[in-house]
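Chain by chain, the residues run as shown.
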Amino acid sequence: MDYITALQQAITRLKEREIVDDTEAQAGLRLACLAFDSPDVPSQQWALLGFELLTALAELYPEPAPIAVTVTTARSAITSTTTQRTLIRLVSVLGDGYDQASQQPEVSAQRRFAYAATAERLNAAVRGLV
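Residues numbered from 1 in each chain as written. Predicted model: local features only at pLDDT ≥ 70, side-chain atom pairs only at ≥ 80, totals over all residues. Heavy atoms only, no water.

What follows covers the pattern of salt bridges. Enumeration over the complete set of coordinates arrives at six salt bridges. The salt bridge involving E24 is made with R13; its shortest N-O contact spans 2.8 Å. Taken together, the positions of E24 in helix α2 (residues 22-34) and R13 in helix α1 (residues 3-17) put the pair eleven residues apart, joining distant regions of the chain. Classification of R13 by relative accessible area gives partly exposed; the value is 25%. As a salt-bridge pair, D22 and R111 come within 3.3 Å of each other at their nearest N and O atoms. Residue D22 is found in helix α2, and its partner R111 is found in helix α5 (residues 109-127); the two are separated by 89 residues along the sequence. With relative accessibility at 27%, the residue D22 sits in the partly exposed group. It is possible to trace a salt-bridge network through shared partners that takes in R13, R17 and E24. (Salt bridge = Lys/Arg side-chain N within 4 Å of Asp/Glu carboxyl O. Helix = DSSP H or I, 4+ residues; strand = E, 2+ residues; numbered from the N terminus. Buried < 20%, exposed > 50% of the residue type's maximum accessible area, 1.4 Å probe, protein only.)

Moving on to the packing of aromatic side chains. Scanning all chains against the criterion turns up two aromatic pairs. Note on F36 and W46: the rings are 6.5 Å apart at their centroids and 40° apart in plane angle, and the pair reads as tilted. With F36 in the loop between α2 and α3 (44-60) and W46 in helix α3, the pair connects residues that are ten residues apart, well separated along the chain. For F36, a relative accessible area of 18% puts it in the buried group. Ring geometry for Y98 versus Y115: centroids 5.3 Å apart, planes at 35°, classification tilted. One end of the pair, Y98, is in helix α4 (residues 81-101); the other, Y115, is in helix α5, and 17 residues separate them in sequence. (Phe/Tyr/Trp six-rings, centres within 6.5 Å; stacked < 30°, edge-to-face > 60°.)

Any link to function would need more than the numbers given here.
Structure below.
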C-alpha cells in the first residue's frame, strides 16, 4: 500500500476506534513518523512536528506493540503537498483523540496527564504548520 493510503486508513481507524485503542494510536504515531525518514524536512516547523511525534511515541509507548504495516514510499515523501496535508490531518486526529482520552475517568490519572501533554504538543506543532 502506498503511504497516503496508509495515512488515510489510519485516520479512518482512529476516528472509529478512538485513542483509547492504544494499538491504533501507536500505529498512527509510527506511521506519521515514517514521513520523517528523510533528510529533506521542508522547514523547522516540520522538524518540530517530527520531534513531537517521536517524543509522543517514546513517552506513551516505551514498550512498542508488534505492529506490521507494509508501506511503499519515496524517501522525500514529506516534501509532497499531498503527504503534508494528509499527515496534518492524521496528527490533528491524534491530538484531538489524546485530548478526549485525557478526559476519560476510567483512564488512570498518570495516563490522562500523559495524553493531555501529548495532545497539547501535537496540536501546537500542527498550529505552527497551518
